[in-house]
Amino acid sequence: MPLIVPRPIPPEVARVYRAQGWWLDLTLTDVLRRHAAARPGAPAVIAADRTLTFADLERESARVAAGLAALGVGRGDVVSCQLANVPEFLILHHAAARRRAIFNPIHLAYRTAEVESILRFAESRVLVVGPPHRGWSFAEMARGLRARLPALRHVVMVGEADRPDVLPFETLRAGDAHAAEGSAHPDDAFLLLFTSGTTASPKATLHTHRLRMGAARASGEAIGFRPTDRVVSIARFSHMWGIFAYWMALGAGAAQVLLEHFSPDGFRDVAGRCHATVAIGAPPHAADLLASIPAGGRALPGLRLFALSGSVCAPALVRALRDTLRCAPLMLWGMTETAAGLFTRPDDPPDVIEQTVGRPAPGCTVGVLDDAGRALPAATEGELVIRSPFVFEGYVNNPEATAASFTAEGWFRTGDLASLDQTGRVRILGRRTEQINRGGVKFHPGDVEDVLLRHPAVQMAALVGMPDARLGERNCCFVVPRPGAPALTLTDLTAALAEAGIAKFKWPERLEVADALPLTPTGKVQRALLRERLRQQLDVQWRVDP
């Protein structure tokens with residue numbers, strides 16, 4: 001089935017966006033070529049074992065594009081990858097764009113169930129994976145999936161490929177850099193990202209060069225990215241936050257410092273050795289980093305900006321970043337559907353950065369609506385909505401979800417609760433959706449619950465987020481056992497999820513056994529009541545045993 005967006009932007013609106021300069025006649029390929037021509041010897045990608053200049057990145061992506069062409073990859077084909085933040089990720093990203101193909105990065109934490117759902121929906125033609133990590137073989141998973149997915153023609157592995165049916169990445173690099181020159185158009189879709197990761201109801205977003213290159217330039221300039229910057233991203237490039245930060249850095253001509261796997265010590269080593277000036281991450285990353293720094297120490301003297309997104313950030317954590325790292329914290333709110341929608345500016349007063357996610361990105365307008373869709377006055381809690389030249393056009397092959405996500409006036413309903421102050425700055429208060437936000441990684445609980453409901457001892461199950469000081473939320477499962485079944489344990493549930501191939505970050509970390517779950521008149525679990533029950537229990541525990 002072709003990837004169809006059910007809500008194309010009207011031509012008259014598109015003309016306005018072009019005239020106002022929000023939509024650029026640029027592709028990802030154009031941006032790289034300009035830097036390769038103007039500053040060929042400047043560093044573009046700095047990894048542990050090598051540095052690629054802009055000329056190197058241009059040449060390598062052209063060679064891999066030729067390799068993709070040899071595999072039959074062309075316009076509109078989906079090239080998926082499940083890689084850490086390594087040079088091959090970015091090379092493949094640029095190579096797919098040159099072929100007018102659609103690049104589909106998959107979160108590294110996903111396992112068989114999630115990856116199969118994504119590949120099947122996208123009808124991916126190629127899957128590129130990395131070497132085993134923490135005992136998990138991505139290549140073995142991919143080989144098994146290829147037998148069940150007719151569209152998946154090729155599995156490519158970065159590193160040593162020890163089986164004849166798995167191509168080494170070096171095979172892609174063996175092509176003639178001039179053999180597959182692409183002619184990408186700014187209106188080409190070049191990126192496919194999934195929002196929630198649920199296998200039950202996938203929500204996929206397509207992004208064109210014009211929308212994302214325009215958004216990256218506007219936001220990068222407002223934040224203050226510089227050609228002399230060295231940007232290290234803790235956030236994975238498979239998340240919109242990570243890949244968008246890369247586009248902002250690329251647009252400015254800054255170098256991207258690669259951190260393959262995060263640990264506080266590893267981050268300090270890489271950022272210090274590579275003289276990083278900008279860090280990109282989520283609040284839990286910052287919390288772990290700060291906890292690892294001795295009192296009075298300053299780990300990274302060259303760092304000038306630490307930009308955080310992905311989950312609500314506690315004011316104390318923002319202050320600690322400023323006081324301990326002596327850099328400017330920056331808060332950003334965005335979604336897969338919007339890219340950067342709101343952010344603070346480096347010169348904002350400390351209280352603005354600690355209490356809000358700032359004001360709209362250039363070109364964006366936000367509002368707060370009540371349940372009836374009416375605009376609310378300042379300082380009143382409601383649902384955050386956004387209009388922007390850079391908001392996505394709709395969920396792929398999902399007209400129902402698209403219709404539910406936009407108002408008649410064209411506002412995109414974010415599902416987040418927020419309030420807007422008199423100066424136009426926004427405070428994020430929570431979410432209206434059922435998604436769980438564990439340390440900035442959002443997911444829908446549906447596929448976890450589907451597996452648990454198949455357990456012979458489970459009658460009902462509901463996964464909800466419980467408050468956590470470091471991650472924002474952790475996973476708690478409420479279960480109603482079947483009458484007469486043996487007593488359930490948390491280990492029973494996690495074993496079932498492991499067998500089903502569900503990613504570990506979705507597994508419950510607390511089990512609450514109940515006689516019944518609160519239901520609406522239509523039979524839906526009232527998750528808000530479960531979350532409130534958890535908050536009360538945890539509050540009692542903290543007061544008794546702080």
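A short note on the overall build of the protein
Assigned secondary structure in the protein consists of 17 helices and 25 strands. Counting only C-alpha atoms, the protein reaches 65 × 55 × 55 Å along its principal axes. With 546 residues in all, the protein has 56% of them scored as buried. Sequence-distant contacts, at least 24 apart, represent 69% of the contacts inside the protein between residues at least 6 apart. For the protein, the distance from the average site of its 61 positive side-chain charges to the average site of its 56 negative ones is 2 Å.

Digging into helix 3 (residues 54–70)
Between its first and last C-alpha, helix 3 extends 25 Å over 17 residues, near the 24 Å set by a 1.5 Å rise per residue. Burial analysis of helix 3 places twelve of its 17 residues in the buried class, the great majority of the element. For helix 3, every residue scored as buried is listed here: Phe54, Asp56, Leu57, Glu58, Glu60, Ser61, Ala62, Val64, Ala65, Ala66, Gly67 and Leu68. If you follow the buried residues of helix 3, they end up packed against helix 2 (28–38), strand 1 (43–46), strand 2 (51–53), helix 4 (87–98), helix 7 (169–172) and helix 9 (240–252). In the segment just after helix 3, Gly72 is the residue with positive phi, at about 90°.

Considering the sheet that holds strand 1
The mixed open sheet is built from nine strands, whose spatial order is 2-1-11-10-12-13-14-15-16. Either end of the sheet is taken by a strand with one partner, and the two such strands are strand 2 and strand 16 (359–360). As paired elements, strand 13 (residues 305–308) and strand 14 (residues 328–335) share four bridges and run parallel to each other. Considered in strand 14, the bridge of Phe306 is made with Pro329.

Some remarks on the pattern of salt bridges
Tallied over the entire structure, the rule returns 36 salt bridges. Glu354 serves as the salt-bridge partner of Arg319, at 3.1 Å between the closest nitrogen and oxygen. Here the residue Arg319 occupies a position in helix 12 (residues 315–325), and Glu354 occupies one in helix 13 (residues 350–355), the gap between them amounting to 35 residues. Its relative accessible area of 13% is what places Glu354 among the buried residues.

Remarks on the confidence of the model for the protein
Across the protein, the average pLDDT comes to 90, with 93% of residues at 70 or higher. Of the regions scoring below 50 in pLDDT, residues 542–546 engages in one contact with residues more than four places distant in sequence or in other chains.

Criteria and thresholds
- Within each chain, residue numbers correspond to sequence positions counted from 1 in written order.
- Local features in a predicted model are, by the rule used here, given only for residues with pLDDT of at least 70; side-chain atom pairs are given and counted only at 80 or more, and totals for whole chains, interfaces and linings are based on all residues.
- To obtain the side-chain values, all non-hydrogen atoms of the structure were included, while hydrogens and water were left out.
- Helix and strand assignments come from DSSP, with helices taken as H or I runs of at least 4 residues and strands as E runs of at least 2, each series counted from the N terminus.
- Accessible area is worked out with a 1.4 Å probe on protein chains only. A residue is then buried under 20% of its type maximum, exposed over 50%, and partly exposed in between.
- A contact between two residues is defined here by any heavy atoms of the two lying within 4.5 Å.
- His residues and chain termini do not enter the charge count, which takes Lys and Arg as positive and Asp and Glu as negative.
- By convention, the point assigned to a charge is CZ for Arg, NZ for Lys, CD for Glu and CG for Asp.
- Expected helix span is given by 1.5 Å per residue-to-residue step, counting one fewer step than there are residues.
- Two strands qualify as a pair provided that DSSP identifies no fewer than 2 bridges between them.
- The working definition used for a salt bridge is a side-chain nitrogen of Lys or Arg within 4 Å of a carboxyl oxygen of Asp or Glu.
- Note: pLDDT gives the predictor's confidence per residue, expressed from 0 to 100.

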